[in-house]
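Notes for the structure review
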Amino acid sequence: MIITIDGPAGAGKTTTARKLAARLGVPYLDTGAMYRAITVAALDDGIDLTDEAALTRLAAQDEFNLELGEDGIRVILRGRDITDEIRTMRVNDHTPYIAGSPGVRKLLIGKQRAIAEQLGSLVTEGRDQGSAAFPHADLKFFVTANLPTRAKRRLAELRGDEGATLASVRDNLAERDRTDSERPVAPLVRPPDAIDIDTSALSIDGVVEAMLAHLREAGLVGAESS
Ligand code: C5P
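Below is a short write-up of the structure. (Residues numbered from 1 in each chain as written. Predicted model: local features only at pLDDT ≥ 70, side-chain atom pairs only at ≥ 80, totals over all residues. Heavy atoms only, no water.)

It is worth spelling out the pattern of salt bridges at this point. Under the definition given, this model contains 18 salt bridges. Residues Arg 87 and Asp 30 are paired through a salt bridge, measuring 2.8 Å at the closest nitrogen-oxygen approach. Of the two residues, Arg 87 is situated in the loop between strand S5 (80–81) and helix H4 (89–99) and Asp 30 in strand S2 (residues 28–30); the sequence distance between them amounts to 57 residues. Two residues, Asp 196 and Arg 190, come together in a salt bridge whose shortest N-O distance is 2.8 Å. A residue is classified by how much of its surface remains accessible, and Arg 190, at 35% relative accessible area, is partly exposed. (Salt bridge = Lys/Arg side-chain N within 4 Å of Asp/Glu carboxyl O. Helix = DSSP H or I, 4+ residues; strand = E, 2+ residues; numbered from the N terminus. Buried < 20%, exposed > 50% of the residue type's maximum accessible area, 1.4 Å probe, protein only.)

Written as structure tokens, this is what we have:
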């Protein structure tokens, strides 16, 4: 069973994906962490972020691993734990270059499909999971929230990253909304067959309950997952 959760940054995808997966007893995949890991590698290597061939070569080296655990994923790049580093503003600011690379996207979608194949069932979240990576997913969600709510959530997640303010995080999110939606390669689009959930006024548990209700309605899980 493949369940996709797509939507803009800060809509609550990662936490809901993790909690929904735990309730269903299946693994979850945070595909944003993959784009972020390659961003860290590119910054480490001083690669020109507009050099498509260099970015594709870097992604093809496949030097990062995601350790999928109960309480979240850990991201390991070249033996170094970069789980916290991938959430910094520096990485936020540079990830759009990586996400805009057709070569990187092709390789990462291949990696996402290989992970799904290996694991069988998956809750996977990102920008293109229902549209490009898993067009035949069993159920697709598209989660949104208003910009002020998303900025507050993202600031809390930055864990005291120096210099991050509500205004800077909000501007960064607005800019990423724009680049994610306007980029020519795999822009953020709502899959036509997705179920919309506005999380602005909902708690994480409220979102998970809403998703479980849809899964039950679709006959994908039984009443025991209540
Ligand atoms: O979800 P998160 O904010 O961690 O994603 C980081 C960035 O990676 C996003 O701004 C987006 O540009 C990109 N991304 C993507 N496709 C995905 C997941 C993330 O383009 N499937």
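At their nearest, the axes of H4 and helix H8 (residues 166–182) sit 10 Å apart, and the two run at 20° to each other. One element, H4, and the other, H8, form an angle in the roughly parallel class. For the pair H4 and H8, the crossing hand works out as left-handed. Taking contact as the criterion, the partners of Met 89, Asn 92, Asp 93 and Pro 96 in H4 are, on H8, Ser 168, Val 169, Asn 172, Arg 176 and Thr 179. Looking at the contact of H4 with H8 residue by residue, the class counts come to three nonpolar, four polar and two charged. (Axes fitted to C-alpha atoms, helices over the stretch in contact; angles between N-to-C directions. Parallel < 35°, antiparallel > 145°, perpendicular 65-115°, else oblique. Left-handed = near helix turned anticlockwise from the far one by under 90°. Contact = heavy atoms within 4.5 Å. Nonpolar A, V, L, I, M, F, W, Y, C, P; charged D, E, K, R; others polar.)

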